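A look at the structure
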Amino acid sequence: MGSKEGSRAWSVFDGVKSIPSSPEALMAEINTAISTLEFACAMALLQSPPSPKGKNANSNSTSQYDARVADEAYKAGLAALAAGKLDEAIHSLNIALSKCPPNKTNAVAKLQSLISLTSQQLQKSSN
């Protein structure tokens, strides 16, 4: 432990391959990394099996809507939009809309608007 031969101290820059030339470029890389991570986490959550619920009649009617799943799907949709993946964005936003409780009228309206705008963007890019 007293010998420092052959061992090098750990540095926060060990994994850095290049440092961006401007703060804007650095922020763009950070935003891309965050969006990618959020998208991966949200997609993993969406693809995970549903948790077991009670077998009574009430659980059937309330399990159709899940605000947590809707929120994760919404985040995945935004991350996909930020990454330019319009098909994935529409898919995630539609999941969010289907899981969003109908009493959350502002959220439903926002999702419908995002889906509409994303669909228009997708149509423009395919023409």
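Residues numbered from 1 in each chain as written. Predicted model: local features only at pLDDT ≥ 70, side-chain atom pairs only at ≥ 80, totals over all residues. Heavy atoms only, no water.

**With respect to the overall build of the chain**
- A tally of helices and strands in the chain yields five helices and zero strands.
- Its helices and strands in sequence order give the chain the pattern α-α-α-α-α, from N to C terminus.
- Residues classed as buried in the chain amount to 21% of the 127 residues present.
- Partitioning the contacts of the chain with sequence separation of at least 6, the portion at a separation of at least 24 is 58%. (Helix = DSSP H or I, 4+ residues; strand = E, 2+ residues; numbered from the N terminus. Buried < 20%, exposed > 50% of the residue type's maximum accessible area, 1.4 Å probe, protein only. Contact = heavy atoms within 4.5 Å.)

**A word on the pattern of salt bridges**
- According to the stated counting rule, one finds two salt bridges in the structure shown.
- In this structure, Lys-75 and Asp-71 form a salt bridge, with 3.5 Å as the shortest nitrogen-oxygen distance. Taken together, the residues span about one helical turn, with Lys-75 and Asp-71 both in helix H3 (residues 67–82) at a distance of four residues.
- On the accessibility criterion, Lys-75 (35% relative accessible area) is partly exposed.
- The partly exposed category is assigned to Asp-71, whose relative accessible area is 34%. (Salt bridge = Lys/Arg side-chain N within 4 Å of Asp/Glu carboxyl O.)

**Some thoughts on the packing of helix H1 (residues 23–47) against H3**
- Direction vectors running N to C along H1 and H3 enclose 140°, while the axes themselves pass 8 Å from each other. Relative to H3, H1 is oriented oblique. Read as a crossing pair, H1 and H3 show a hand that is left-handed. Residue-level inspection shows Ser-35, Phe-39, Ala-42, Met-43, Leu-45 and Leu-46 of H1 in contact with H3, the latter providing Arg-68, Val-69, Glu-72, Ala-73, Ala-76, Ala-79, Ala-80 and Ala-82.
- Across the contact of H1 with H3, the residue classes break down as 11 nonpolar, one polar and two charged. (Axes fitted to C-alpha atoms, helices over the stretch in contact; angles between N-to-C directions. Parallel < 35°, antiparallel > 145°, perpendicular 65-115°, else oblique. Left-handed = near helix turned anticlockwise from the far one by under 90°. Nonpolar A, V, L, I, M, F, W, Y, C, P; charged D, E, K, R; others polar.)

**What to know about the nonpolar core**
- Within the largest apolar cluster, 10 residues are counted, these being Ala-70, Ala-73, Tyr-74, Leu-93, Ala-96, Cys-100, Val-108, Leu-111, Leu-114 and Ile-115.
- Sort the elements by how many residues they give to this core and helix H5 (residues 105–126) lands first, with four residues.
- For Ala-70, the residues in contact, after removing those within four places along its chain, are Ala-96, Lys-99 and Cys-100. (Core = buried A, V, L, I, M, F, W, Y, C linked by side-chain atoms within 4.5 Å.)

Any link to function would need more than the numbers given here.
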